[in-house]
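# Examination of the molecular architecture
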Amino acid sequence: MTSKTTPRVVLVTGGADGIGWAAAQRFARAGDRVLIADRDFERAAERVISLGAGHVAIAMDVSSEAQVRDGFARALHEFGRLDVLINNAGVTDPQPTATLDQTADEVRWLQSINVTGAFLAAREAGRIMTAQGHGAIVNLASGAGLVALAKRTSYSASKAAVISLTRTLACEWARHGVRVNAVLPGYTRTQMVQDQLDRGLLDPSTVLARIPAGRMGEPEEMAEGIFFLASDDASYVIGATLVVDGGYTIYGGAGPASSAPAPISEHRSPRIAAITGGGRGIGRCVVDLFKATGDRLLVIERDEDGARALAAALGDDHLVVQADVTDVAAIDAAFEAATARWGRLDVLVNNAGAADVFKPTLDQSAEDFTSVYDVNFTGSLATAKAAARAMTGGGAIVNLGSIAGLGALPRRNAYCAAKAAVTMMTRSLACEWALAGIRVNTVAPGYIETPAVLALKSTGRAQFDKIVRRAPIGRLGDPSEVARAIAFLASPAASYITGATLSVDGGWMAFGDAGDAFDSL
């Protein structure tokens, strides 16, 4: 890992235009050294000049193994290391074509760039990064790898392949300090998309009606997602897919998803942020992080002693309310108090939760089930509703899901069911509230060293040696690592992200093999 004061060395394939160019500019603004690798070398050279001194242009067609090898050798020669690869180069179908009319050569051409090219670039970056013991790779896939596009078989298949490649490489290289993740853009106003619009291959009204946000994304919005995944703020994000599509892939309705562009909520400083379960663990890390940036906080904490201690620590600039999220009247009153004091709400971090009773299913009573389910889901929904009423100028909601909502954990019926419900709640609210300018997303943590998780260890209800070996990164996460992901999704940098679920799990959900994911030997 490089020092925060040391410029990173960043190579962007397909970096002369579109999302790649937006990413190159984003890293250059952060003070990093950027290598723009593109098959149009003249264009890449022009772009590098516009970035200023310290950046490099490289001729690279990613479908040529020799050019890819030479390009990464050049990067290593110039800078002696490589910290980040933005694996962006790609092409789309020249036009939608019935599958029966696609030739084998056309399919091979597209796959050679989008899939084999991505593999070659990642392989060469991996040689450098695994040897130096650190690095981050961000692959550019697409929402087309998640949902089918008629007559775009080859393109959609190629992007699904990139998603799987991301997970495979992440699991292999995490132990070497190399993180691999993917950004999945939706419809984005690049020149490639504009060309399709100009040729009549895309109907803008049809496309926009299918997007809950009611608009296409901008290349700069994709670049922000890329920049986050490449940063130390994503240190426990491994093998994840970050969908940046205005909600396109999560909409399941039959009619239009939108009737107008969703307003982009104004960035205010200080923000007014509400955090539930803020007394310890992930919630307390979010409290400390947001407070440090100058936000004004409404913190809801169930434990009376914890609420009292938190109020003393935060001081009079903030509001701490002792309440249980299942008490709807108390939650509504807390948000009414915040609105009366500050006039609005900008952010909700819906963090409060409760653990299972850890009994065999046949021994679980209805009360055992509902007591856990109500806190984790019913309370979260009630809190989201109260927050949305206060977000008169738009805002951002980040719900806390879990890997337990994405994969089964035996005997943990209520917790798993509730967290799956939270994930779907996120998607539904994102679609419903987009026109109010409210973005809704989920962070799904893995095993994090919170007091609740450590209690599982102390009581013998979890075998931590097995848990650590099951995670490709080979360790538990720190609450601050989850807090930083929450902070990103709550920020203006995530302006085109809604309805998404971001796993912060050290690669847990990416791993699908038998045996251990991490071998310390």
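From a predicted model like this one, the values you see are computed outputs, not experimental measurements.

### Comments concerning the packing of helix H12 (residues 366-390) against helix H13 (residues 413-433)
- Remark: H12 packs on H13, axes separated minimally by 8 Å, with the N-to-C direction vectors making an angle of 15°. Taken together, the axes of H12 and H13 lie roughly parallel to each other. Crossing handedness for the pair H12 and H13: right-handed. The segment H12 lies against H13, with Phe369, Val372, Tyr373, Asn376, Phe377, Ser380, Leu381, Ala384, Lys385 and Ala388 engaging Asn413, Ala414, Tyr415, Ala417, Ala418, Lys419, Ala421, Val422, Met425, Leu429 and Trp433.

### Observations regarding the pairing of strand E10 (residues 319-322)
- Judged by which residues are buried, E10 turns out to be one-sided: Leu319 and Val321 face inward and are buried, whereas Val320 and Gln322, on the alternate face, are not.
- Sheet topology note: the strand E9 (residues 296-301)/E10 ladder contains four bridges and is parallel. Counted as the bridge partner of Leu298 is Leu319 from E10.

### Side note on the packing of helix H4 (residues 104-132) against helix H5 (residues 153-173)
- Orientation of H4 relative to H5, taken along the N-to-C sense of each, is 15°, at an axis distance of 9 Å. Relative to H5, the element H4 lies roughly parallel. Of the two elements, H4 crosses H5, and the hand of that crossing is right-handed. Facing H4, whose interface residues are Val107, Leu110, Gln111, Asn114, Val115, Ala118, Phe119, Ala122, Arg123, Gly126 and Thr130, H5 presents Ser154, Tyr155, Ser158, Lys159, Ala161, Val162, Leu165, Leu169 and Trp173.
- Looking at the contact of H4 with H5, its residues break down into twelve nonpolar, six polar and two charged.

### With respect to the sheet that holds strand E11 (residues 347-350)
- Pairing is parallel in the open sheet, where seven strands are placed in the order E10-E9-E8-E11-E12-E13-E14. Since the sheet does not close on itself, it has two edges, and those belong to E10 and strand E14 (501-504), each with one partner. The average angle at which neighbouring strand axes cross in this sheet is 15°, direction not considered.
- Two strands pair when backbone bridges link them, and strand E12 (residues 395-400) and strand E13 (residues 438-445) are joined in this way by six bridges, in the parallel orientation. From the neighbouring strand, Asn399 faces E13, where its bridge partner is Thr442.
- Sheet strands touched by helix H9 (residues 281-292): strand E8 (272-276), E9, E11 and E13. Its angle to E8, the strand with the most contacts, is close to 165°.
- Contacts from H12 reach E8, E11, E12 and E13 within the one sheet, and its direction differs from that of E11 by about 175°.

### Structural notes on the layout of surface pockets
- Of the pockets and cavities examined, the largest pocket occupies roughly 1,200 Å³.
- Lining the largest pocket are 47 residues; nearest its centre among them are Gly90, Val91, Thr92, Thr190 and Met192.
- Taken together, the elements giving at least two residues each to the lining of the largest pocket come down to helix H1 (18-29), strand E2 (33-38), H4, H5 and helix H6 (191-198).
- In terms of residues, the lining of the largest pocket owes the most to one element, H6, which gives five residues.
- A class-by-class count of the residues in the lining of the largest pocket yields 21 nonpolar, 15 polar and eleven charged.

### Some words on the domain arrangement of the chain
- Splitting the chain by domain gives domain 1 (9-244) and domain 2 (272-448 + 478-504).
- On a C-alpha basis, the centroid separation for the pair domain 1 and domain 2 is 33 Å.
- Taken together, the contact between domain 1 and domain 2 spans 22 residues of the former and 18 residues of the latter.
- Between domain 1 and domain 2 lies a buried interface of about 1,700 Å² when both sides are counted; carbon and sulfur atoms form 66% of it.

Reading guide: rules and limits
Residues numbered from 1 in each chain as written. Predicted model: local features only at pLDDT ≥ 70, side-chain atom pairs only at ≥ 80, totals over all residues. Heavy atoms only, no water. Axes fitted to C-alpha atoms, helices over the stretch in contact; angles between N-to-C directions. Helix = DSSP H or I, 4+ residues; strand = E, 2+ residues; numbered from the N terminus. Parallel < 35°, antiparallel > 145°, perpendicular 65-115°, else oblique. Left-handed = near helix turned anticlockwise from the far one by under 90°. Contact = heavy atoms within 4.5 Å. Buried < 20%, exposed > 50% of the residue type's maximum accessible area, 1.4 Å probe, protein only. Pairing = 2+ DSSP bridges. Nonpolar A, V, L, I, M, F, W, Y, C, P; charged D, E, K, R; others polar. 1 Å grid on protein atoms, 1.4 Å probe; cavity = no way out; pocket = protein on both sides within 12 Å on 5 of 7 lines; lining within 4 Å. Points joined across faces, edges and corners; volume = space filled by probe spheres on them. Domains from an automatic or database assignment. Buried area = accessible area lost by both parts, 1.4 Å probe.

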